[in-house]
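Listed below, chain by chain, are the residues.
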Amino acid sequence: GAVVSQHPSWVICKSGTSVKIECRSLDFQATTMFWYRQFPKQSLMLMATSNEGSKATYEQGVEKDKFLINHASLTLSTLTVTSAHPEDSSFYICSARVLTGGLGNTEAFFGQGTRLTVV
Amino acid sequence: AQSVTQPDIHITVSEGASLELRCNYSYGATPYLFWYVQSPGQGLQLLLKYFSGDTLVQGIKGFEAEFKRSQSSFNLRKPSVHWSDAAEYFCAVVANFGNEKLTFGTGTRLTIIP
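The structure contained in this document is the topic of the report that follows. Fair warning: this is a prediction, and the values are worked out from it, not measured in the lab. (Residues numbered from 1 in each chain as written. Chains lettered and ligands numbered in written order. Predicted model: local features only at pLDDT ≥ 70, side-chain atom pairs only at ≥ 80, totals over all residues. Heavy atoms only, no water.)

### Observations regarding the packing of aromatic side chains
Move 1: Applying the stated criterion to the full structure yields 15 aromatic pairs over all chains.
Move 2: Measuring from centroid to centroid gives 6.1 Å for A:Phe110 and B:Phe104, while their planes differ by 70°, and the two rings are edge-to-face. Taken together, the positions of A:Phe110 in strand S10 (residues 106–110) and B:Phe104 in strand S11 (residues 103–104) put the pair across two chains. Considered together, A:Phe110 and B:Phe104 belong to a single accessibility category, that of buried residues.
Move 3: Relative to B:Phe104, the ring of B:Tyr36 lies with its centre 5.9 Å away and its plane at 50°, an arrangement referred to as tilted. Highlighted residues: B:Tyr36 in strand S5 (residues 32–38) and B:Phe104 in strand S11, separated in sequence by 68 residues. Each member of the pair, B:Tyr36 as well as B:Phe104, is classed as buried.
Move 4: Taken together, the ring pairs connect A:Tyr36, A:Phe110, B:Tyr32, B:Phe34, B:Tyr36, B:Phe51, B:Phe90 and B:Phe104 into an aromatic cluster. (Phe/Tyr/Trp six-rings, centres within 6.5 Å; stacked < 30°, edge-to-face > 60°. Helix = DSSP H or I, 4+ residues; strand = E, 2+ residues; numbered from the N terminus. Buried < 20%, exposed > 50% of the residue type's maximum accessible area, 1.4 Å probe, protein only.)

In structure tokens form, the structure reads like this:
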């Protein structure tokens, strides 16, 4: 199947600094990528939809100025957590949509996730 | 808006025993349904999906799921679990093609005892 690579897999940063997380589709082009956030022992919550060459679409309640998303190429989307605070500590996961053929035949491939700890 | 319910937060089964993980969805039409597995600290891997057609869907690692419209359910099953199946399992739904926003259930943590 298609491979989505997410980097870094874990990061520790000081409060007030910014952190960038990269999501790459290694063997396919992804016009759309999704960013999720997962709190411990909870489900994944969609943060935003990232579209190549255009602005990201954020879900209700997600601060777009805090979580900056850039999708400058068909293989790379980045999530930057600006002025991070301890409450931003979480597991962030990206996914990319692949059309596998035929109407309705679509599949999302996920990165391995990034564990962010803000101290 | 669509929603997904996984009633069981945690299930423990013996190795070799059968498994059924429950998933119920709420949506007016037939959604696209998925089951994902997540190992600790990892991303998600797709086990299987249902779009249309045969309501019994076969997936990877010996898993299957059955779509039951009358019960709004999409339960995941495996006849004989292995210790390596211990993980978190998520049911997910996409309301319609063209809007690939996955809505996830809260997950079921599966523990396997020898």
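### A short note on the interface of chain B and chain A
Move 1: Taken together, the 19 residues of chain B in the interface contact 23 residues of chain A.
Move 2: Here chain B meets chain A over a buried area of about 1800 Å², counting both sides, of which 61% is carbon and sulfur.
Move 3: Where chain B touches chain A, the interface holds zero salt bridges.
Move 4: Remark: the boundary between chain B and chain A carries three residue pairs in polar contact (both at pLDDT 80 or more).
Move 5: Elements with a contribution of two residues or more to the side of chain B that touches chain A: S5 and strand S6 (44–50) of chain B.
Move 6: A per-element tally of the side of chain B that touches chain A places S5(B) first, with four residues.
Move 7: A per-class count over the side of chain B that touches chain A returns 10 nonpolar, six polar and three charged. (Contact = heavy atoms within 4.5 Å. Buried area = accessible area lost by both parts, 1.4 Å probe. Salt bridge = Lys/Arg side-chain N within 4 Å of Asp/Glu carboxyl O. Polar contact = N/O pair within 3.5 Å; in protein donor to acceptor, adjacent residues only side chain to side chain. Nonpolar A, V, L, I, M, F, W, Y, C, P; charged D, E, K, R; others polar.)

### Brief notes about the pairing of strand S7 (residues 67–73) of chain A
Residues and elements named next belong to chain A.
Move 1: Across five bridges, S7 lies against strand S8 (residues 76–81) in antiparallel orientation. Within the sheet, the bridge partner assigned to Asn70 lies in S8 and is Thr78.
Move 2: As consecutive antiparallel partners, S7 and S8 are separated by two residues. (Pairing = 2+ DSSP bridges.)

### Some words on the state of the cysteines
Move 1: Under the definition given, this model contains two disulfides over all chains.
Move 2: Here A:Cys23 is linked by a disulfide to A:Cys94, with a sulfur-sulfur distance of 2.0 Å. Residues A:Cys23 and A:Cys94 are joined by a disulfide whose S-S torsion is about 80°; by sign, that bridge is right-handed. Residue A:Cys23 is found in strand S3 (residues 19–25), and its partner A:Cys94 is found in strand S9 (residues 90–99); the two are separated by 71 residues along the sequence. Accessibility assignment for this pair places A:Cys23 and A:Cys94 in one class, buried.
Move 3: The disulfide partner of B:Cys23 is B:Cys91, and the gap between their sulfur atoms is 2.0 Å. Disulfide B:Cys23-B:Cys91: the torsion about the S-S bond is -65°, which places it as left-handed. Of this pair, B:Cys23 sits in the loop between strand S3 (19–21) and strand S4 (24–26) while B:Cys91 sits in strand S10 (residues 87–94), and the two are 68 residues apart along the sequence. For the pair shown, B:Cys23 and B:Cys91 are each scored as buried. (Disulfide = S-S within 2.5 Å.)

### Let's talk about the side chain of A:Asp88
Residues and elements named next belong to chain A.
Move 1: Relative to the assigned elements, Asp88 resides in the loop between S8 and S9.
Move 2: Polar contacts involving the side chain of Asp88 include one to the side chain of Lys66, which spans 2.9 Å.
Move 3: Among residues more than four places away in sequence, those in contact with Asp88 are Arg37, Lys66, Phe67, Val81, Ser83, Leu116 and Val118.

### Quick word on the pairing of S8(A)
All names here are of chain A.
Move 1: The element S8 is extensively covered by neighbouring structure, given that six of its six residues are classed as buried.
Move 2: Side chains of S8 alternate between two faces, with Leu76, Thr78 and Thr80 and Ser77, Leu79 and Val81 buried alike.
Move 3: Here S3 runs beside S8; their pairing, made up of six bridges, is antiparallel. Across the sheet, residue Lys20 finds its bridge partner in S8, namely Thr80.

### A word on a nonpolar patch on the surface
Residue and element names in this part refer to chain A.
Move 1: On the surface, Trp10, Ile12 and Val119 cluster together into a nonpolar patch covering about 370 Å² of accessible area.
Move 2: Structurally, Val119 can be placed in the segment after strand S11 (114–118).
Move 3: The class of Val119 is exposed, set by a relative accessible area of 59%. (Patch = residues over 30% accessible without salt bridge, like charges linked within 9 Å, V, L, I, M, F, W, Y side chains within 5 Å. Areas by Shrake-Rupley, 256 points an atom, 1.4 Å probe, with all protein chains shown as cover.)

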